Protein chains: 2
Amino acid sequence: MPTTALSLSRDEFELLEKLLWMDGPSRHELAARTGHSKSKIASLVAHLLDDGWLEEGESQESSGGRRPTSLHLSHQLGFIVGIDLGATSVDVVLCDVNLTVLGTRTAATSVSLGPGPVLAQIGGLLDDLLTCHGVPPEGVFGLGMGVPGPVEFRTGLLINPPLMPRWEGFNLREHFAALFEAPLAVDNDVNLMALGELHHVRQRGLGTDLENFLVVKLGTGIGCGIIARGDVFRGADGAAGDIGHICVDPDGPRCYCGNPGCLEALAGAPHIAREAAQAVESGASPILADLARQHGELGTREVAQAARLGDPVANHIVQTAGSRVGQVLAGLVNFFNPSQILLGGGVAHMGPLMLASVRQSVYARSLPLSTRKLRIDYTHLQDASGRRGAAVLALRHALTVQAGLRGEA
Amino acid sequence: MPTTALSLSRDEFELLEKLLWMDGPSRHELAARTGHSKSKIASLVAHLLDDGWLEEGESQESSGGRRPTSLHLSHQLGFIVGIDLGATSVDVVLCDVNLTVLGTRTAATSVSLGPGPVLAQIGGLLDDLLTCHGVPPEGVFGLGMGVPGPVEFRTGLLINPPLMPRWEGFNLREHFAALFEAPLAVDNDVNLMALGELHHVRQRGLGTDLENFLVVKLGTGIGCGIIARGDVFRGADGAAGDIGHICVDPDGPRCYCGNPGCLEALAGAPHIAREAAQAVESGASPILADLARQHGELGTREVAQAARLGDPVANHIVQTAGSRVGQVLAGLVNFFNPSQILLGGGVAHMGPLMLASVRQSVYARSLPLSTRKLRIDYTHLQDASGRRGAAVLALRHALTVQAGLRGEA
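Residues numbered from 1 in each chain as written. Chains lettered and ligands numbered in written order. Predicted model: local features only at pLDDT ≥ 70, side-chain atom pairs only at ≥ 80, totals over all residues. Heavy atoms only, no water.

## Here we look at the overall build of chain A
Selection rule: Secondary structure elements are defined from DSSP: runs of H or I of at least 4 residues count as helices, runs of E of at least 2 residues count as strands, and each element is numbered from the N terminus. For a compact globule the rule gives 2.2 Å times the number of residues to the power 0.38, and the radius of gyration it is set against comes from C-alpha atoms. The cut-offs for exposure are 20% and 50% of the maximum accessible area for each residue type, with area from a 1.4 Å probe on protein chains only; residues under the lower value are buried, those over the upper are exposed, and the others partly exposed. Should any heavy atoms of two residues lie within 4.5 Å, those residues are considered in contact. What sets the accessible areas is the Shrake-Rupley method with a 1.4 Å probe; for residues, cover comes only from the shown protein chains. For the purpose of charge, His is not counted, nor are the chain termini; Lys and Arg are scored as positive and Asp and Glu as negative. Positions of charges follow a simple convention, taking NZ of Lys, CZ of Arg, CG of Asp or CD of Glu.
In terms of regular secondary structure, chain A is built from 14 helices and 16 strands. Over its C-alpha atoms chain A spans a radius of gyration of 23 Å, differing by no more than 12% from the 22 Å that the globule rule assigns to 409 residues. Overall size of chain A, expressed as C-alpha extent along the three principal axes, is 75 × 50 × 45 Å. Out of the 409 residues in chain A, the part that is buried amounts to 57%. Taking the intrachain contacts of chain A between residues at least 6 apart in sequence as the baseline, contacts between residues at least 24 apart amount to 63%. Element-wise, carbon and sulfur atoms account for 52% of the exposed surface of chain A, whose accessible area totals about 16,100 Å². Between the centroid of the 32 positive side chains of chain A and the centroid of its 42 negative side chains there is a distance of 6 Å.

## Let's talk about the relation of the copies chain A and chain B
Condition: The atoms used to superpose the copies are C-alpha atoms, taken from residues with pLDDT of at least 70 in both, and the fit is least squares.
When chain A is fitted to chain B, the best match, at an RMSD of 0.1 Å, comes from turning it 180° and sliding it 0.0 Å along the axis. The superposition operator between the copies reduces to a two-fold rotation axis. In this assembly, 100% of the residues forming the interface of chain A have copies in chain B that are likewise at the interface, indicating an isologous arrangement.

## Quick look at the pairing of strand β5 (residues 79–85) of chain B
Residue and element names in this part refer to chain B. Condition: Each pair of strands is called paired provided DSSP finds at least two bridges between the two strands.
Most of β5 sits out of view: six of its seven residues are buried. Taken together, the six bridges between β5 and strand β8 (residues 140–147) define a ladder with parallel strand orientation. Along β8, the bridge assignment pairs Val81 with Leu143. Here six bridges tie β5 to strand β6 (residues 89–95), and the two strands are oriented antiparallel to one another. Its bridge partner being in β6, Leu85 is matched across the sheet by Val90.

## Some details on the interface of chain A and chain B
This is how the line gets drawn: Here's the idea: put two parts together, see how much 1.4 Å probe accessible area each one loses, and the total over both is what we call buried area. By definition here, a salt bridge exists when the distance from a side-chain nitrogen of Lys or Arg to a carboxyl oxygen of Asp or Glu is within 4 Å. Here a polar contact is taken to be a pair of N or O atoms separated by no more than 3.5 Å, where protein atoms must pair a possible hydrogen donor with a possible acceptor and residues adjacent in sequence count only if both atoms sit in side chains.
Taken together, the 53 residues of chain A in the interface contact 53 residues of chain B. Carbon and sulfur atoms make up 51% of the area that chain A and chain B hide from each other, which totals about 4,400 Å². At the surface where chain A touches chain B, the tally comes to two salt bridges. Notably, a salt bridge pairs Asp237 of chain B with Lys373 of chain A, separated by 3.4 Å at the nearest N-O pair. Across the contact surface, chain A and chain B share 28 residue pairs in polar contact (both at pLDDT 80 or more).

## With respect to the domain arrangement of chain A
All names here are of chain A. Applied cut-off: The source of the domain bounds is an automatic or database domain assignment.
For chain A, the assigned domains are domain 1 (10–76), domain 2 (78–192 + 386–403) and domain 3 (207–379). The straight-line distance from the C-alpha centre of domain 2 to that of domain 3 is 26 Å. Contacts between the two partners involve 15 residues from domain 2, matched on the other side by 17 residues from domain 3. Around 1,200 Å² of area is buried between domain 2 and domain 3 when both sides are counted, 52% of it from carbon and sulfur atoms. Along the contact surface separating domain 2 from domain 3 lie three salt bridges.

## Regarding the state of the cysteines
All names here are of chain B. Our working rule: For this text, the term disulfide refers to a pair of cysteine sulfurs within 2.5 Å.
Across all of its chains, the model carries zero disulfides over all chains by this definition. A disulfide-free cysteine, Cys224 has its sulfur positioned 16 Å from the sulfur of Cys262, the nearest such atom. Its relative accessible area of 1% is what places Cys224 among the buried residues.

## Some thoughts on the nonpolar core
What counts, and what does not: In this description, a nonpolar core means a group of buried Ala, Val, Leu, Ile, Met, Phe, Trp, Tyr and Cys residues linked to one another through side-chain atoms lying within 4.5 Å.
Counting residues in each nonpolar core, the largest one holds 94 residues, and the members touching the most others are Leu329 and Phe335 of chain A together with Leu329 and Phe335 of chain B. When near neighbours in sequence (up to four residues on either side) are disregarded, Leu329 of chain A contacts Val216, Ile243, Ile341, Leu343, Val358 and Val362 of chain A.

## Considerations on the packing of aromatic side chains
The condition is simple: Any two rings among Phe, Tyr and Trp, with Trp reduced to its six-membered ring, count as a pair given centres within 6.5 Å; such a pair is stacked if its planes are under 30 degrees apart, edge-to-face if over 60, and tilted if neither. Two limits define a charge over a ring: the Lys NZ or Arg CZ must be within 6 Å of the ring centre, and within 35 degrees of the ring normal.
Inspection of the entire model under this criterion finds seven aromatic pairs over all chains. Ring geometry for Phe335 of chain A and Phe336 of chain B: centres 5.8 Å apart, planes at 80°, overall edge-to-face. On the criterion of chain membership, the pair formed by Phe335 of chain A in helix α11 (residues 312–336) and Phe336 of chain B in helix α11 (residues 312–336) is interchain, its members lying in two chains. Here Phe335 of chain A matches Phe336 of chain B in class, with each residue buried. Each ring, one from Trp167 of chain B and one from Phe170 of chain B, has its centre 6.1 Å from the other, and the planes form 75°; the classification is edge-to-face. A relative accessible area of 26% means that Phe170 of chain B is categorised as partly exposed. An aromatic cluster of three or more residues is present, and its members are Phe233, Phe335 and Phe336 of chain A together with Phe233, Phe335 and Phe336 of chain B. Arg202 of chain A extends its terminal NZ or CZ atom over the ring of Trp21 of chain A, reaching a point 4.7 Å from the ring centre.

## Some points on the side chain of Asn212 of chain B
Looking at the element boundaries, Asn212 of chain B is found in the loop between α6 (189–203) and β12 (213–218). Excluding anything up to four places from it in sequence, Asn212 of chain B contacts Phe233, Gly235 and Ala236 of chain A together with Ile227, Ala228, Arg229, Phe336, Pro338, Ser339 and Gln340 of chain B.

## As for the packing of helix α1 (residues 10–19) of chain B against helix α3 (residues 38–50) of chain B
All names here are of chain B. Heads up, the condition is: Every axis corresponds to a line fitted to the C-alpha atoms, with the helix fit spanning only the stretch in contact, and the corresponding angles, defined between N-to-C directions, vary from 0 to 180 degrees. Orientation is classified from the angle alone, with under 35 degrees giving roughly parallel, over 145 giving roughly antiparallel, 65 to 115 giving roughly perpendicular, and any other angle giving oblique. Classes in brief: Ala, Val, Leu, Ile, Met, Phe, Trp, Tyr, Cys and Pro nonpolar; Asp, Glu, Lys and Arg charged; the others, Gly included, polar.
The interhelical angle for the contact between α1 and α3, taken along N-to-C directions, is 90°, at an axis separation of 10 Å. One way to sum up the angle between α1 and α3 is to call them roughly perpendicular. Contacts between α1 and α3 involve Asp11, Glu12, Leu15 and Leu16 from the former and Lys40, Ile41, Leu44, Val45, His47 and Leu48 from the latter. Looking at side-chain class alone, the contact of α1 with α3 contains six nonpolar, one polar and three charged residues.

## Looking at the pattern of salt bridges
Taken as a whole, this structure holds 32 salt bridges over all chains when the rule is applied. Between Asp91 of chain B and Arg387 of chain B there is a salt bridge, with its nearest N and O atoms 2.7 Å apart. Within this pair, whereas Asp91 of chain B is found in strand β6, its partner Arg387 of chain B is found in helix α14 (residues 385–403), the two being separated by 296 residues in sequence. The same class applies to Asp91 of chain B and to Arg387 of chain B, which are both buried. In this structure, Asp377 of chain B and Arg375 of chain B form a salt bridge, with 3.4 Å as the shortest nitrogen-oxygen distance. What makes Arg375 of chain B partly exposed here is its relative accessible area of 34%. Among the charged side chains, a network of salt bridges with common partners joins Glu17, Asp231 and Arg396 of chain A.

## Overview of the sheet that holds strand β14 (residues 231–232) of chain B
Across the sheet, five strands lie side by side as β14-β13-β12-β15-β16 (chain B); this open sheet has mixed pairing. Two strands lie at the open edges of the sheet, namely β14 and β16 (375–378) of chain B, each paired on one side alone.

## Overview of helix α6 (residues 189–203) of chain A
All names here are of chain A. Convention followed: Any helix carries an expected span of 1.5 Å times its number of residues minus one.
With 15 residues, α6 extends 21 Å from end C-alpha to end C-alpha; this agrees with the ideal 21 Å at 1.5 Å per step. Of all the 15 residues making up α6, 13 are buried; the element is thus mostly covered by neighbouring parts of the structure. Regarding α6, its N-cap is Asn188, as a side-chain oxygen of that residue lies 2.9 Å from the backbone nitrogen of Val190 further along. After α6 finishes, the residue Gly205 shows a positive phi value of roughly 60°.

## So, helix α1 (residues 10–19) of chain A
Residue and element names in this part refer to chain A. Counting buried positions over the 10 residues of α1 gives seven, a clear majority of the element. Where α1 is concerned, the buried positions are Asp11, Glu12, Phe13, Leu15, Leu16, Glu17 and Leu19. Here the buried face of α1 lies against α2 (27–34), α3 (38–50), β1 (54–56), β4 (71–73) and α14 (385–403).

## Here's the deal with unusual backbone geometry
Residues and elements named next belong to chain B. Even without being a glycine, Arg229 presents a positive backbone phi close to 50°. Of note, Arg229 is situated in the loop between β13 (222–228) and β14. Overall, the relative accessible area of 36% leaves Arg229 in the partly exposed class. Even without a glycine there, the phi angle at Gln382 is positive, about 50°. For Gln382, the position within the fold is in the loop between β16 and α14.

## Observations concerning the sheet that holds strand β15 (residues 340–344) of chain A
All names here are of chain A. The five strands are arranged β14-β13-β12-β15-β16 in an open sheet whose pairing can be described as mixed. Both edges of this open sheet fall to β14 (231–232) and β16 (375–378), since each of them pairs with a single strand only. Alignment of strand β12 (residues 213–218) against strand β13 (residues 222–228), held across six bridges, turns out to be antiparallel. Across the sheet, residue Leu218 finds its bridge partner in β13, namely Ile222. Contacting β12, β13, β14 and β15, α6 crosses the sheet at an angle of about 45° to β13. Packing of α11 onto the sheet brings it into contact with β12, β13 and β15, and relative to β12 it is tilted by some 160°.

And the structure:
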């Protein structure tokens, strides 16, 4: 953290908030993005350079003369840690303050074990990562963490997380406060995938019409991250996007949540594994039986492989799951009118038939005005969306907290 | 319009934008709401008073001394016209610039007749209203209009409106530009109901947690207005909230949109009328048969009356429709996590059983975190939400257009 004046005026803070979505902008680009005049930007930037919040990149010669100097957050501020906890795996990423990735660690885990063992495991990964890059705990500027359950965003508490019953009411902020001076921000894992995708899209300048979109994670659980008017939408209590328990078949099997025919119960990874097991038991799919013997297990990976080998049973399983997902998304397209739906998670990557089934089901059921520009595709960042989002959340939260907004004169 | 300097700085414009949601605030209240210092507010207000944008209310003596002066938009600016066009009726309202209602006109209509006859009818109502209050066309500061179909908000064009096929691509702005100097803004009728409810809630100071809610209109069509983070959410193409064509029964009857089992086809007013007609034909409901004879027609009004008289068939019709609505809303509660769902429109007011069925169906199917604070009720403004919303839209749009934002120095 800079040792000089920490507090920021509202204009300075807003400038940093804009800059973190850009890729080393010039003063001119910042003026265009913020709506401030060039002279005002020059004066704001001068203060932020003096106070150690910003630093200038090297200006390079180009054919048209000297390129304007790029502006970046100052490395003095420290490092950013992102933690992406899924139901069965955890990713930890260390970035510099401009979100360039320095290193990642990934491990299999099981959130159902509860906070004790899982946080010990995360602590080990973090220690290793920080030590490896020579970063002491006090060198961390901010931490962000995604968890596979509903989070009350203001408090950071997990509320009735169906996949994480042992975490109910657990205070992650307090846990990390004992380890780091820097603040921790917690959000739902799918919200962070959406935030990560938004950051990617904006930093690359991929399109200004990408301010309203959905990111859908298809895995053990099914959830949806919502970008509305250019920011994560969390709803009244932070529970928005919990689409896994929308009913797709009132006569369907009972979900662990207690209700019948939830999307998650009919398209989540455990359901796909059960369908595969039934196909093996009934002798309907010799290919799946072979793969189960070879791999010693039978899950989405085996079903995907069988589908690629042309097994009709596996293809039917994939198609049915995709169609169920599309059935729910069709309704959400009518309601939310997103410009894009981006799919991520293990189930989404079971093969082209999954994406095709989702698309078919959505286009068949949504209204023309909502679908004429709609694009349904995989996430841009593949499996890195969640950790990018955790890092963006960490940076935004740390700027807010550590800046300590200065009252206007 | 003020004859002095028209253009506004960004800060001045933002202050007016805040003020229009408040009920004659003091300078102190404006400072609290905008985050500006008292001295900055004093200087902004002084300019806006000088330039004819604001005027001061009379300061009154109170027990604690002189009450602070209230601030209002200047009556010099002119009058506001709101038009709320539904499928079968139209409301026109004339307000002063602070949205106090001066008069309204209501008439039955049929949007299916197309723009010619319907706009002639609206023109007649408007003429009458303006003449009655001595307002010449050039005295109008802004016009806002709601229509029962999807609108591309930027252009104001109707896109594939299912209830209004003859209006496809019709340019309402051009039509009104020939009649008024003031600009017209057009939006979907349900978006304007939501905007009207938001204005009511804010102006009355009814709660700061009311920034994410839904307004559902149940009538000939079924639609949803979305307030996300304190403003109307329109989606990527202005089509958000079109929930009438979400599928509630894949084996259900075909909707006029072409798909089977749409919510509108199973809970809209025409469906309820058809169910009632069948009950009369089959002899299942002598009460409905009596009412049909007495009134010479058989629609939602008769079904509502029969339900109040304890007719089990009518009650079943109401209950089934409410349950279908609740089925869709349960999914939207999981996705959007609203703090409130407010119901309006003729079908919503068919009696307490309708509200009860919607509630029961939502609470049975939504997740605990999403429903622990959720309130489901009628709209606060009853049938005035739409015209209030049209007036709010008119005022916001007129401020934006007529102010002509001044570039910063």
